[in-house]
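Below, each chain spelled out in residue letters.
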Amino acid sequence: MHDFTYLEPTTAQEACQLLRECGEDSRIISGGTALLLGMRQRMLSPTHLISLGKIDDLSNIEFEPGVGLSIGARARHADIASSAVIQEHFPMLADMARQVANPQVRNAGTLGGNLCYGDPATDPPGCLMALGAQLVIAGPEGERLLPIEDFLVDYFQTALGPDEILTHVLVPALPDDAIGSYTRFLRTAAEHRPLVNVALLARVENGTHCKEIRMALGASTPTAVRLTPAEQLLAGQTLTLALAAEAANIAVQHINPISDSRGSADYRADMARVVIRRALINLFGLTAQ
């Protein structure tokens, strides 16, 4: 590693001001699981590291009934997985967090760092997208609010400005008739990064009647994406095995899967079709044939 200056602001506005003053060779550090790896590999050589460690409110997890959940950007994946309030009110989010990477990453990596890194092959973005999350972004002049769909721009790219930081993730309260699930597919049991993941959040009645549904696919496209055509197909319908299969087929027709050393675009599309179908079957308690 090259030498760098380590700075510890105590407010979000101070952190943003330091980013502006220190220029493009400065980096924010929180958990550091991705940043430090990049520095060790000489892929990054920042002149300044600006730590969020002394901005206390960025690690808070708070829930207000009827309003929703606020998760500080410094909350670790392990904190989200073990949070009693998240387990009670957003169980699919807790389930997702306990599957992120491996224990070392979950106990050091933060939700904000994960989202700002923009890695497509990760778990939180799709789950948060299905939950309708919005992100609070602070800059030198104040705050702005972005839906997560608008925050994720492209492969390893986000809408974060050069002097902005992500401070909180907001998840709206769920209706009483909502059910949800998070499903991931790994090529082998030894892998920690999903090849495909699917998050579902549905409002149901009588067990299998879908009043409305939000579906998000991640890890196989440049960013997590909503599966809007499949959502429209399922809304107002009673789920059957045939309808689940049709929804999976329609969903895959409208995605742009990536191709890399872990799998071709065609392979990812095939696996996405399988995972979407299985996730729908499991969520609505259907019996697979």
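The structure under discussion appears in the preceding block.
Residues numbered from 1 in each chain as written. Predicted model: local features only at pLDDT ≥ 70, side-chain atom pairs only at ≥ 80, totals over all residues. Heavy atoms only, no water.

Caption draft 1: Looking closely at the overall build of the protein. Along the protein, the regular secondary structure elements total 12 helices and 15 strands. Computed over the C-alpha atoms, the radius of gyration of the protein is 19 Å, within 12% of the 19 Å expected from 2.2 N^0.38 for a compact globule of 289 residues. Expressed as a percentage of its 289 residues, the buried residues of the protein come to 47%. Residue pairs at least 24 apart in sequence account for 61% of intrachain contacts in the protein once pairs closer than 6 positions are excluded. Averaged over its 22 positive side-chain charges, the protein has a centre that lies 8 Å from the centre of its 32 negative ones. (Helix = DSSP H or I, 4+ residues; strand = E, 2+ residues; numbered from the N terminus. Rg over C-alpha atoms; globule rule 2.2 N^0.38 Å. Buried < 20%, exposed > 50% of the residue type's maximum accessible area, 1.4 Å probe, protein only. Contact = heavy atoms within 4.5 Å. Lys, Arg positive; Asp, Glu negative; His and termini not counted. Charge placed at Lys NZ, Arg CZ, Asp CG, Glu CD.)

Caption draft 2: Up close: the layout of surface pockets. Put simply, the largest pocket is a space of about 1,500 Å³. Looking at the largest pocket, it is lined by 49 residues, and the ones nearest its centre are Ala34, Leu35, Gly113, Cys116 and Tyr117. Elements that contribute at least two residues to the lining of the largest pocket include exactly strand E2 (26–29), helix H2 (35–40), helix H7 (111–117), strand E9 (157–158) and strand E10 (165–172). For the lining of the largest pocket, the element with the highest residue contribution is H7, accounting for 5 residues. (1 Å grid on protein atoms, 1.4 Å probe; cavity = no way out; pocket = protein on both sides within 12 Å on 5 of 7 lines; lining within 4 Å. Points joined across faces, edges and corners; volume = space filled by probe spheres on them.)

Caption draft 3: The pattern of salt bridges, seen in detail. Going through the model one piece at a time under the given rule, you end up with 18 salt bridges. Where arginine 187 meets glutamate 191, a salt bridge forms, and the shortest distance between an N and an O atom there is 2.9 Å. Residue glutamate 191 is classed as buried on the basis of its relative accessible area, which comes to 17%. Measuring nitrogen to oxygen at the nearest pair gives 2.7 Å for the salt bridge that ties arginine 226 to glutamate 231. (Salt bridge = Lys/Arg side-chain N within 4 Å of Asp/Glu carboxyl O.)

Caption draft 4: Just the pairing of strand E3 (residues 48–51), in detail. As judged from the 3 bridges shared by strand E1 (residues 5–7) and E3, these two strands associate in the parallel manner. Note that in E3 the partner of tyrosine 6 across the bridge is leucine 49. With 4 bridges connecting them, E2 and E3 associate as parallel partners. For arginine 27, the partnering residue across the bridge sits in E3 and is leucine 49. (Pairing = 2+ DSSP bridges.)

Caption draft 5: Inspection of the nonpolar core at higher detail. Membership of the largest hydrophobic core comes to 36 residues, with the highest contact counts inside it found for Ile71, Leu93, Leu115, Leu128 and Val169. In terms of residue count, the dominant contributor to this core is helix H5 (residues 91–97) (5 residues). With residues near it in sequence (within four places) discarded, leucine 128 still touches Leu93, Leu111, Leu115, Ala133, Ile148, Val169 and Val171. Listed in part, the 33 residues of the second largest apolar core include Cys210, Leu217, Leu241 and Ile281. (Core = buried A, V, L, I, M, F, W, Y, C linked by side-chain atoms within 4.5 Å.)

Caption draft 6: Quick peek at the sheet that holds strand E7 (residues 142–147). The strand order across the open sheet formed by 5 strands is E4-E5-E10-E6-E7, and the pairing between neighbours is antiparallel. Edge positions in the sheet fall to strand E4 (61–64) and E7, since each has one partner strand and no second. The average angle at which neighbouring strand axes cross in this sheet is 20°, direction not considered. Judged from the 5 bridges that link them, strand E5 (residues 68–72) and E10 form a sheet pairing that is antiparallel. What sits directly across from leucine 69, in E10, is valine 171. (Axes fitted to C-alpha atoms, helices over the stretch in contact; angles between N-to-C directions.)

Caption draft 7: Region of the structure containing the packing of helix H11 (residues 241–253) against helix H12 (residues 265–283). Orientation of H11 relative to H12, taken along the N-to-C sense of each, is 145°, at an axis distance of 8 Å. With respect to the hand of their crossing, H11 and H12 are arranged in right-handed fashion. The residues of H12 that touch H11, namely those facing Leu241, Ala244, Ala245, Ala247, Ala248, Asn249, Ala251 and Val252, are Ala269, Ala272, Arg273, Ile276, Arg277, Leu280 and Ile281. Of the residues assigned to the contact of H11 with H12, the class counts are 12 nonpolar, 1 polar and 2 charged. (Left-handed = near helix turned anticlockwise from the far one by under 90°. Nonpolar A, V, L, I, M, F, W, Y, C, P; charged D, E, K, R; others polar.)

Caption draft 8: Geometry of helix H1 (residues 12–22). Burial in H1 covers these residues: Ala12, Ala15, Cys16, Leu18 and Leu19. Down the axis of H1, the sector holding all buried residues measures 160°, keeping them to one side. In this fold, the buried residues of H1 make contact with E1, E2, E3, strand E6 (134–139) and E10. Among the residues trailing H1, glycine 23 stands out with phi positive, at a value near 85°. (Arc of directions from axis to C-beta.)

Caption draft 9: Molecular detail of the sheet that holds E3. Across the sheet, which stays open at both edges, the 3 strands sit in the order E1-E3-E2 with parallel pairing between neighbours. Looking at strand neighbours, the two that pair on one side only are E1 and E2, the edges of this open sheet. This sheet shows a mean twist of 25° between the axes of neighbouring strands, independent of strand direction. Each of E1, E2 and E3 touches H1; the most contacted strand, E3, lies at about 175° to it.

Caption draft 10: Structural detail: empty space enclosed by the protein. Enumeration over the complete set of coordinates arrives at 1 cavity of 30 Å³ or more. Here the largest cavity is characterised by a volume of approximately 90 Å³. Residue lining of the largest cavity: 16 residues in total, with Asp119, Pro120, Pro125, Thr223 and Ala224 positioned closest to the centre. Elements supplying a minimum of two residues to the lining of the largest cavity: helix H8 (124–130) and strand E8 (152–154). Among the residues making up the lining of the largest cavity, the classes are represented as 6 nonpolar, 7 polar and 3 charged.

Everything listed here is a matter of geometry and, on its own, says nothing about what the molecule does.
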